[in-house]
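Per-entry structural report
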Amino acid sequence: DERKGKGWVSTMPETQKRVYTGRGITRKLKAYIPETDNMMILCETSVCEPVINRICHQFPQAVVYMAVTSQHMNTFDAMEAIVHFLYHKGFRKHSSMLIVGGQQLKALGGFTASSYYCGIDYMYIPVSEQLTQHDRADICGIDLLGITDVLQAAYAPCAVFQDEEIFELMNAESYNF
């Protein structure tokens with residue numbers, strides 16, 4: 001792995017970090033996401049069922065971890081639960097994570113991905129247009145001892161998929177952050 005600043009960077013070369021924007025882009029994720037040994041879909045419980053089904057249908061071998069949506073979800077305890085899940089499902093260095101949710105889940109999932117076996121690749125699907133400004137942010141972190149984002153890493157997603165259809169589906173379900 002390469003070093004960039006104070007944190008790890010993705011195992012994907014910088015030129016492969018991409019933002020894909022377009023109506024219905026998440027209907028063809030397999031065309032953009034390379035095969036890995038294992039894939040975990042990390043999703044918030046508040047993501048509507050049509051969105052979850054659309055993504056999971058494309059990756060039937062992937063395992064899904066549902067993180068409980070809450071105001072303070074990016075904690076060390078939440079990260080520990082995800083790491084436990086990853087490890088016991090056989091995820092290793094060449095695994096990947098697809099995060100579907102809001103900014104806090106991206107921070108939690110991104111930090112977990114940066115830490116797990118010195119970094120596994122992760123991709124991100126924001127569920128709100130308001131989140132698109134954070135989509136490619138390199139900084140992700142978790143709270144510890146009541147201190148917000150005290151543990152941080154500079155670890156950007158390999159790919160971000162901004163889909164207007166997802167935003168509309170989530171708005172129809174009255175999804176709030």
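Look a little higher up for the structure.
This section reports on the structure supplied with the text. Per chain, residues are indexed from 1 in the order of the written sequence. Note on the predicted model: pLDDT of at least 70 is required for a residue's local features to be given, and 80 or more for side-chain atom pairs to be given and counted; whole-chain, interface and lining totals, by contrast, use all residues. In computing side-chain values, all of the structure's heavy atoms are included and hydrogens and water are not.

**Details of the overall build of the protein**
By the criteria applied, helices consist of DSSP H or I runs no shorter than four residues and strands consist of E runs no shorter than two, each listed in order from the N terminus. Along the protein, the regular secondary structure elements total 4 helices and 10 strands. Mapped from its N terminus to its C terminus, the protein presents α and β elements in the order β-β-β-β-α-β-α-β-α-β-β-β-β-α. A 1.4 Å probe rolled over the protein chains alone gives each residue an accessible area, and that area as a share of the maximum for its type sets the label: buried under 20%, exposed over 50%, partly exposed in between. When each of the 177 residues of the protein is scored for burial, the buried share is 50%. The contact criterion used is simple: two residues touch if any of their non-hydrogen atoms lie within 4.5 Å. For the protein, the proportion of contacts with a sequence separation of at least 24, taken over those separated by at least 6, is 75%. Residue exposure ignores everything except the shown protein chains as possible cover, and the areas themselves are Shrake-Rupley values with a 1.4 Å probe. As presented, the protein carries roughly 9000 Å² of accessible surface, and 51% of it is formed by carbon and sulfur atoms.

**A word on unusual backbone geometry**
Of note in this structure, Tyr117 is not a glycine but carries a positive phi near 50°. Tracing the backbone through its elements, the reader meets Tyr117 in the loop between α3 (103–115) and β7 (121–126).

**Remarks on the pattern of salt bridges**
We count a salt bridge whenever a side-chain nitrogen from Lys or Arg sits within 4 Å of a carboxyl oxygen from Asp or Glu. All told, the structure shown has 5 salt bridges when counted by the stated rule. When the shortest N-O distance is used, the salt bridge between Glu164 and Arg23 registers 3.5 Å. Residue Glu164 is located in helix α4 (residues 164–172), and its partner Arg23 is located in the loop between β3 (18–21) and β4 (39–44); the two are separated by 141 residues in the primary sequence. Among the ionic pairs, Asp163 bridges to Arg54, the shortest N-O distance being 3.4 Å. Taken as a pair, Asp163 in the loop between β10 (159–162) and α4 and Arg54 in helix α1 (residues 49–58) lie far apart in primary sequence, 109 residues in all. Here the salt bridges do not stand alone but share partners, grouping Arg27, Arg54, Asp163 and Glu165 into one network.

**A short note on the nonpolar core**
What tends to happen in soluble globular proteins is that the nonpolar side chains get buried as a cluster. By nonpolar core is meant a set of buried Ala, Val, Leu, Ile, Met, Phe, Trp, Tyr and Cys residues that side-chain atoms within 4.5 Å join together. With 25 residues, the main nonpolar core has Met40, Leu42 and Met97 as its most contacted residues. Residue assignment for this core shows that the elements contributing at least two residues are β4, β5 (63–67), α2 (76–88), β6 (96–101), α3 and β7. By residue number, the principal contributor to this core is α2, which donates 5 residues. By size, the runner-up hydrophobic cluster in this structure holds 23 residues, among which are Tyr20, Cys48, Ile52 and Leu98.

**Examining the side chain of Thr26**
On the secondary structure map, Thr26 appears in the loop between β3 and β4. Take Thr26: its relative accessible area is 0%, and that puts it in the buried class. One polar contact links Thr26 to Arg54, side chain to side chain, over a distance of 3.0 Å. Those residues in contact with Thr26 that lie beyond four places of it in its chain are Arg54, Gln58, Ile125, Phe161, Asp163 and Ile166. Two N or O atoms count as a polar contact when they lie within 3.5 Å, although within protein this holds only if one can serve as hydrogen donor and the other as acceptor, and sequence-adjacent residues are included solely when both atoms are side-chain atoms.

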